[in-house]
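Chain and residue survey
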Amino acid sequence: MDLTSFLTSLGTSFAIFVILMFLFTWLSRKPGNTVIYYPNRILRGLDPWEGGSKTRNPFAWIKEALTSTEQEVISMSGVDTAVYFVFLTTVLGILVLSSLILLPVLLPVAATDVGDKLSINATSNGTFNDLDKLSMGHLQEKSPRLWAFLIGVYWVSFVTYFLLWKAYKHVSALRANALMSPQMKPEQFAILVRDIPAAPAGQLRKEQVDSYFKTLYPDTFYRSLVVTNNKKVNKIWEELEKYKKKLARAESIYAASKNTGNADGKRPTNKTGFLGLCGNKVDSIDYYTEKINELIPKLETEQKATLREKQENAALVFFTNRVTAASAAQTLHAQIVNTWTVTEAPEPRQVLWPNLKIKFFQRQVRQYVVYIFVALTVVFYMIPIAFISAFTTLDNLKKLLPFLKPVVNQAAIKTLLEAYLPQIALIIFLALLPKFLYFLSKAEGIPSQSHAIRAASGKYFYFTIFNVFLGVTIGGTLFSTFKTIENDPNSIITLLATSLPGNATYFLTFVALKFFVGYGLELSRIVPLIIFHIKRKYLCKTEAELKAAWLPSDLGYGTRVPGDMLIITIVLCYSVIAPLIVPFGVLYFGIGWLVLRNQALKVYVPAYESYGRMWPHMHVRVLAALILYQVTMFGYFGVKKFVFAPFLIVLPILSLLFGFICRKKFYRAFQDTALEVAAHELKELPNMEQVYRAFIPPSLGSEKMDDDQFEDAQSHVSRAGSFA
């Protein structure tokens, strides 16, 4: 990519961001759009424009984001969101502090050198990109100027250690303060028990669980809830809810028809066949009412049968205080590790009920099978990624598709294709992955949604590192230099090393496209706005349907965090090789902080709360990116034949040691709740019945059903005996 294409990409991306920002300012002031731009505030019963003005200037949202406090973020979007902003702030700090040395020192050192003939000759047309003159690739082999770049590697590494340590302490304090909150949280009074052995003859499962924990915790045991196989009852419940929604829709249509001049109105009808396209034509209100009346007794019968006959080898056990629950979750309850496995209970809303019954050794086997499958997928997915990265470069496109030459050789088209084609192709290709990786994570037998998202996030991170960072670098180079490698196989290492500065331009435009266009679309919410108005005009007939059309999701940590990790990996690895990339990293995380701060306070609604348990994973992956950077720099200094390159060997060792110390010092408090935290007094005595009922699945909850009907799965203290 030449300088013109690079500047075109940068300029158009910035112009798109400015246009989208002004669109956001204009659209967000219209009352009909408030549910798209302020749903979080509306759901909390707050005035959308509280603290601001409907006629504010286009930059007012920036001031609001900058002046917001961490406590405001926690109150609006939870601790997990606040921890995500700690991550953004930490990475932004790493890049800003790094740039204070890298930019004023390394850029002049590289630009004023006479140039490396090897790098110049390695390009296809024998010319040297203007941007590459500002990179480490412009330095001659064995140049004493390489000392400046070696010191730069040390500077970036120690800045990263310092800020990561500081952030870990801060997040630990955030987690502790949240868990010490005087507000009652149901999961803090419960534990999850899996791998329950077969009940003795003549004893029900719930009696077995009760007797076991009543004997161990006689003063604080409250009751237990045995997990059941809810597949059939869920199906009936979902069908019942579907007909309730359809009935509400039909009644709304009927009511609206009375306002069209016909006092009696027109009752809606539908066909009973496939997708409502065939079959008998019936009155919708009567038909849906009849279906609901048929399903209610059927659901109640299945609820009773499920609770009595479909009990699994898992249960939720409830205690009357938080200290006992926290202590029990960290205690070995049986001599055989694959029986009576106890962990902290997840939030009621994020329990993955089908996974709770999976046995101990099955979970171990599933985990390794998934790891192997993901590893194979990474390897084989790298082939199409590398092919796309190579195929979408303009020179290779003309070689493979010669008939396109007359079109792509036109100056305007050539500039646009070089600026956007490879980056857009890569972004679209990666968008196919997240749901697949989340499915694999759930297949491991993970008990909670947040845990599955953390696992999927880790897979996605390593996937993007191997397939984007390494795939683009290696794939593009191998494709363009295949004949050279075929003639001289020993030249592959030199060619790969010398390709790093050249690929920096590609990654510069990739990062720019991500933060300008990506965050512009994030802020303006053009796509959700269009979808909402289409649904409101043509599809939504009830208030419930209208709310479902605008109801926002959460920040999407499973994809957002790995995407950010890819950017920090790219920026770190190229920070010394091509320091010009660092300001782009600063812009990415700086604009991201502002835009997402606005979205967290006004738009997104958290789907769960894990109290910062994503942070150790973020910390480890930033360290992984740092180690990859250090290893890359060691190899590149070797290619430059710098005799002092071995001085860098100590850095990966320091990084591993730093990670080990952080894990030993901080990680256990993220894995388990510290007893000194759990012992903090509550604002008021907990309503244990409310705690218990929070965990009853919706398909088993019914106002008509009392505890006597549920007694086979929902046990009481009074039924407890001895497990001896």
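Criteria and cut-off values
Residues numbered from 1 in each chain as written. Predicted model: local features only at pLDDT ≥ 70, side-chain atom pairs only at ≥ 80, totals over all residues. Heavy atoms only, no water. Helix = DSSP H or I, 4+ residues; strand = E, 2+ residues; numbered from the N terminus. Buried < 20%, exposed > 50% of the residue type's maximum accessible area, 1.4 Å probe, protein only. Contact = heavy atoms within 4.5 Å. Areas by Shrake-Rupley, 256 points an atom, 1.4 Å probe, with all protein chains shown as cover. Pairing = 2+ DSSP bridges. Axes fitted to C-alpha atoms, helices over the stretch in contact; angles between N-to-C directions. Core = buried A, V, L, I, M, F, W, Y, C linked by side-chain atoms within 4.5 Å. Salt bridge = Lys/Arg side-chain N within 4 Å of Asp/Glu carboxyl O. pLDDT = per-residue confidence, 0-100. Patch = residues over 30% accessible without salt bridge, like charges linked within 9 Å, V, L, I, M, F, W, Y side chains within 5 Å. Expected span 1.5 Å × (residues − 1). Bend = angle between axes of the 7 residues up to and from the residue. Phe/Tyr/Trp six-rings, centres within 6.5 Å; stacked < 30°, edge-to-face > 60°. Parallel < 35°, antiparallel > 145°, perpendicular 65-115°, else oblique. Left-handed = near helix turned anticlockwise from the far one by under 90°. Nonpolar A, V, L, I, M, F, W, Y, C, P; charged D, E, K, R; others polar. Lys, Arg positive; Asp, Glu negative; His and termini not counted. Charge placed at Lys NZ, Arg CZ, Asp CG, Glu CD.

Each helix and strand in the protein chain was counted, giving 28 helices and 6 strands. Looking at the protein chain as a whole, 51% of its 724 residues are labelled buried. Taking all contacts inside the protein chain whose residues are at least 6 apart in sequence as the whole, residues at least 24 apart take part in 82%. As presented, the protein chain carries roughly 33,700 Å² of accessible surface, and 63% of it is formed by carbon and sulfur atoms.

Moving on to the sheet that holds strand β2 (residues 221-228). Note on sheets: strands pair through backbone hydrogen bonds, and any given pair is parallel or antiparallel. The antiparallel open sheet is built from 4 strands, whose spatial order is β2-β5-β1-β6. Here the strands that pair on one side only, and so sit at the sheet edges, are β2 and β6 (341-344). Direction aside, neighbouring strands of the sheet carry axes that sit 25 degrees apart on average. Two strands pair when backbone bridges link them, and strand β1 (residues 190-194) and strand β5 (residues 311-319) are joined in this way by 4 bridges, in the antiparallel orientation. Bridge assignment links Ala 190 to a residue of β5, and that residue is Phe 318.

In this structure, Met 136 and Phe 637 are the most contacted members of the largest nonpolar core, which totals 115 residues. The leading source of residues in this core is helix α6 (residues 79-111), at 14 residues. Once you skip the residues sitting within four places of it in the chain, Phe 637 turns out to touch Met 136, Leu 146, Phe 149, Leu 150, Val 153, Phe 642, Ala 645 and Leu 648. Judged by nonpolar contacts, the second largest core, of 33 residues, contains Ala 190, Ile 285, Val 351 and Trp 353.

Considering the arrangement of structural elements, one finds Leu 546 in helix α22 (residues 543-550). The spatial distance from the C-alpha of Leu 546 to the C-alpha of Phe 532 is 8.4 Å, given a sequence separation of 14 residues. With sequence-adjacent residues up to four places away left out, Leu 546 is seen in contact with Phe 532, Arg 536 and Cys 540.

Inspection of the entire model under this criterion finds 14 salt bridges. Lys 459 serves as the salt-bridge partner of Glu 444, at 2.6 Å between the closest nitrogen and oxygen. Of this pair, Glu 444 sits in the loop between α17 (434-443) and α18 (449-480) while Lys 459 sits in helix α18, and the two are 15 residues apart along the sequence. Each of the two residues, Glu 444 as well as Lys 459, counts as buried. Connected via shared salt-bridge partners are Arg 223, Glu 689 and Arg 693.

On to the confidence of the model for the protein chain. For the protein chain, per-residue confidence averages 83 on the pLDDT scale, and 81% of positions sit at 70 or higher. Within the model, the stretch residues 117-128 combines pLDDT values under 50 with 14 contacts to residues more than four positions away or in other chains. The model gives residues 715-724 a pLDDT under 50, and that stretch makes 27 contacts with residues more than four places away or in other chains.

Turning next to unusual backbone geometry. Phi at Arg 525 takes a positive value of approximately 50 degrees, unusual for a residue other than glycine. Judged by its relative accessible area of 9%, Arg 525 is buried. Although it is not a glycine, Lys 641 adopts a positive phi angle of roughly 60 degrees. With respect to the element layout, Lys 641 can be found in the loop between α25 (615-639) and α26 (650-671).

Moving on, we come to the environment of Thr 306. Among the secondary structure elements, Thr 306 is positioned in helix α11 (residues 284-309). Look at Thr 306 and you get buried, because its relative accessible area is 0%. Sequence separation between Thr 306 and Thr 228 is 78 residues, and the spatial gap between their C-alpha atoms is 6.6 Å. Once you skip the residues sitting within four places of it in the chain, Thr 306 turns out to touch Thr 228, Asn 229, Asn 230, Val 233, Gln 311 and Leu 700.

A few words now on a nonpolar patch on the surface. Where nonpolar side chains cluster on the molecular surface, the patch consists of Leu 97, Leu 100, Ile 101, Val 105 and Trp 155 and spans about 400 Å² of accessible area. The biggest single contributor to the nonpolar patch is α6, with 4 residues.

Once that is clear, we can look at α26. Its 22 residues give α26 an end-to-end C-alpha distance of 30 Å, which sits within 8% of 32 Å, the value for a rise of 1.5 Å per residue. At Lys 665, α26 shows its largest bend, some 45 degrees. Of the surrounding secondary structure, the elements contacted by the buried residues of α26 are α8 (146-179) and α25.

By secondary structure assignment, the location of Ser 181 is in the loop between α8 and β1. Of the residues examined, Ser 181 reaches a relative accessible area of 16% and is grouped as buried. Once you skip the residues sitting within four places of it in the chain, Ser 181 turns out to touch Arg 322 and Leu 682.

In terms of burial, β2 is largely enclosed, as 8 of its 8 residues are buried. Inspection of the sheet shows β2 paired to β5 by 6 bridges, in the antiparallel sense. In the strand pairing of β5, Val 226 is matched with Ala 315.

Our focus in this paragraph is the packing of aromatic side chains. The geometry of two aromatic rings is summed up by the distance between their centres and the angle between their planes. Overall, the coordinates contain 39 aromatic pairs when judged by the stated rule. Ring geometry for Phe 87 against Phe 589: centres 6.5 Å apart, planes inclined by 85 degrees, an arrangement best described as edge-to-face. With Phe 87 in helix α6 and Phe 589 in helix α24 (residues 581-602), the pair connects residues that are 502 residues apart, well separated along the chain. Its relative accessible area of 1% is what places Phe 589 among the buried residues.

At their nearest, the axes of helix α10 (residues 231-257) and α11 sit 9 Å apart, and the two run at 160 degrees to each other. By the angle between their axes, α10 is roughly antiparallel relative to α11. The interaxial crossing formed by α10 with α11 has left-handed handedness. Of the residues in the contact of α10 with α11, the class split is 15 nonpolar, 4 polar and 8 charged.

For the rest of this paragraph, the subject is a positive patch on the surface. Together, Lys 231, Lys 235, Lys 298, Lys 357 and Arg 366 line one region of the surface with positive charge. With respect to the element layout, Lys 357 can be found in the loop between β6 and α13 (360-391). In this structure Lys 357 comes out as partly exposed when scored by relative accessible area, which is 36%.

Another point: α6. Helix length check: α6 (33 residues) gives 46 Å between terminal C-alpha atoms against 48 Å at 1.5 Å per residue, within 8%. Maximum bend of α6: about 40 degrees, positioned at Ser 99.

On to the environment of Ala 624. Within the element layout of this structure, Ala 624 appears in helix α25. The class for Ala 624 is partly exposed, based on a relative accessible area of 26%. Taking the C-alpha atoms as reference points, Ala 624 and Gly 659, 35 residues apart in sequence, are found 9.5 Å from one another.

It is at 9 Å that the axes of helix α23 (residues 557-575) and α25 come closest, and there the two elements cross at 25 degrees. Our classification of the angle between α23 and α25 gives roughly parallel. You can see that α23 and α25 cross each other, and the crossing is right-handed. Judged by residue contacts, Val 561, Met 565, Thr 569, Leu 572, Cys 573 and Ser 575 of α23 engage Met 618, Arg 621, Val 622, Ala 625, Leu 626, Leu 628, Tyr 629, Thr 632 and Met 633 from α25. In the contact of α23 with α25, the residues fall into 11 nonpolar, 3 polar and 1 charged.

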